Amino acid sequence: MAANISLKQLKVFITITQHDTLTSASEALFLSKAAVSMALSELEKQIGHALFDRVNNRLILNQEGQKLLPLADELIERAQDIGQLFDNDQSLSGLLRVGTSDTIGNQVAPYLLSDFRAATGHKSQSLFISNSALICEKLVDYELDLALIEGKTLHPQLISEQFSEDEMCVICAPDSPLIQRASLSMGELENSEWILREPGSGSREFFLRAIAPRLEHWYEAFQLNTTEALINSVSAGLGLGCLSKLSAEPAINDGRVVEIKLPLDMKRRYWLLVHKEKYQSPLLKTFIQFCYQWRKESTR
């Protein structure tokens with residue numbers, strides 16, 4: 001029944017899952033809308049099932065489509081492996097799509113990718129930086145090959161392994177009365193105002209898990225979706241901030257903000273995530289291995 005399924009049809013199918021409309025999928029594939037529509041129709045006819053629900057001009061992956069997606073993704077990746085198998089040049093090839101949460105994307109990934117390129121000679125990687133929740137969503141939808149995030153996720157379709165760690169810190173404005181004290185108890189932060197990242201962010205998740213439960217009364221003064229805005233708001237005296245020490249260090253060194261020492265374990269783990277059903281090409285396997293062996297040098 002499905003003997004004549006082609007790689008082109010599967011490529012069209014995967015691209016549509018990533019773009020939701022025939023128009024944007026056809027632009028991504030450099031094909032006409034009619035050609036994309038025909039390839040999808042033929043695939044659905046051969047399989048004997050619709051793979052998408054049609055909703056207001058959008059194509060939403062249905063249950064049958066979800067069953068096909070891991071296999072289609074694997075076949076396309078394996079076809080690329082076959083193409084590389086007989087190359088005289090045995091170096092890694094293909095595009096590696098990496099997703100990272102904010103701190104890792106800004107402070108860690110540039111060094112990690114630079115070292116990976118130097119070690120392997122592989123130069124084709126893309127980096128998508130957002131909050132942990134959106135990164136996980138894109139990983140589940142096969143829009144990313146792997147993710148490096150700060151908060152742990154319990155998503156049933158994702159495998160997560162620790163690959164590194166960092167330290168969190170609490171910062172205040174340089175003129176805050178809190179900095180007159182050598183060390184603070186949690187009680188001295190009662191009724192404090194906080195500037196937090198948006199829901200889905202690793203640093204917000206850390207604050208809500210490690211600090212908020214130890215305060216009886218605290219208030220969210222602002223919710224911001226960039227680290228730079230958070231640091232500047234703390235510097236301007238709008239509230240306290242909780243974020244990665246790596247991200248805060250330049251502002252602490254410049255005197256724009258001051259770190260408050262708290263009697264808490266402020267360590268946080270970094271996690272490497274892959275989809276359980278994702279086919280691990282030689283490139284993906286090599287990069288995963290590299291991440292586990294790699295540690296950001298403390299001198300950086």
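Residues numbered from 1 in each chain as written. Predicted model: local features only at pLDDT ≥ 70, side-chain atom pairs only at ≥ 80, totals over all residues. Heavy atoms only, no water.

(A) Seen up close, the environment of glutamate 249. For glutamate 249, the position within the fold is in helix H9 (residues 245–254). According to the relative accessible area criterion, glutamate 249 is partly exposed, its value standing at 34%. (Helix = DSSP H or I, 4+ residues; strand = E, 2+ residues; numbered from the N terminus. Buried < 20%, exposed > 50% of the residue type's maximum accessible area, 1.4 Å probe, protein only.)

(B) Inspection of the packing of helix H1 (residues 7–19) against helix H2 (residues 22–29) at higher detail. At a closest axis distance of 8 Å, the pairing of H1 and H2 adopts a crossing angle of 125°. The angle between H1 and H2 falls in the class oblique. By crossing handedness, the relation of H1 to H2 is classed as right-handed. Contacts from Lys11, Val12, Thr15, Ile16 and His19 in H1 reach Leu22, Ser24, Ala25, Ala28 and Leu29 in H2. Of the residues in the contact of H1 with H2, the class split is six nonpolar, three polar and one charged. (Axes fitted to C-alpha atoms, helices over the stretch in contact; angles between N-to-C directions. Parallel < 35°, antiparallel > 145°, perpendicular 65-115°, else oblique. Left-handed = near helix turned anticlockwise from the far one by under 90°. Contact = heavy atoms within 4.5 Å. Nonpolar A, V, L, I, M, F, W, Y, C, P; charged D, E, K, R; others polar.)

(C) Quick look at the pairing of strand E5 (residues 146–149). The two faces of E5 match: Leu146 and Leu148 on one face and Ala147 and Ile149 on the other face are all buried. Bridging between E5 and strand E11 (residues 267–275) involves three bridges; their strand directions are antiparallel. Looking across to E11, one finds that leucine 148 is bridged to leucine 272. (Pairing = 2+ DSSP bridges.)

(D) Geometry of the packing of H1 against helix H3 (residues 33–47). Look at H1 against H3: their axes get within 9 Å of each other, and the N-to-C directions meet at 105°. Taken together, the axes of H1 and H3 lie roughly perpendicular to each other. Packed against H1, whose contacting residues are Gln9, Leu10, Val12, Phe13 and Ile16, the element H3 presents Val36, Ala39, Leu40, Glu42, Leu43 and Gln46 at the interface. Grouping the amino acids of the contact of H1 with H3 by side-chain chemistry returns eight nonpolar, two polar and one charged.

(E) Inspection of H2 at higher detail. Within H2, the full set of buried residues consists of Leu22, Ser24, Ala25, Ser26 and Leu29. Against the buried residues of H2 lie H1, H3 and strand E2 (58–61). At the exit of H2 stands phenylalanine 30, carrying a positive phi of roughly 55°.

(F) Representation of the packing of aromatic side chains in the model. The tally for this structure, following the rule as stated, stands at six aromatic pairs. With centroids separated by 4.9 Å and ring planes inclined at 80°, the aromatic side chains of phenylalanine 207 and tryptophan 218 adopt a geometry described as edge-to-face. Taken together, the positions of phenylalanine 207 in helix H7 (residues 202–211) and tryptophan 218 in strand E8 (residues 218–224) put the pair eleven residues apart, joining distant regions of the chain. Residue tryptophan 218 is classed as partly exposed on the basis of its relative accessible area, which comes to 24%. A network of ring pairs unites the aromatic residues Phe116, Phe287 and Phe290 as a single cluster. In this structure, lysine 138 packs its charged tip against the face of phenylalanine 128, placed 5.1 Å from the ring centre. (Phe/Tyr/Trp six-rings, centres within 6.5 Å; stacked < 30°, edge-to-face > 60°. Lys NZ or Arg CZ within 6 Å of the ring centre and 35° of its normal.)

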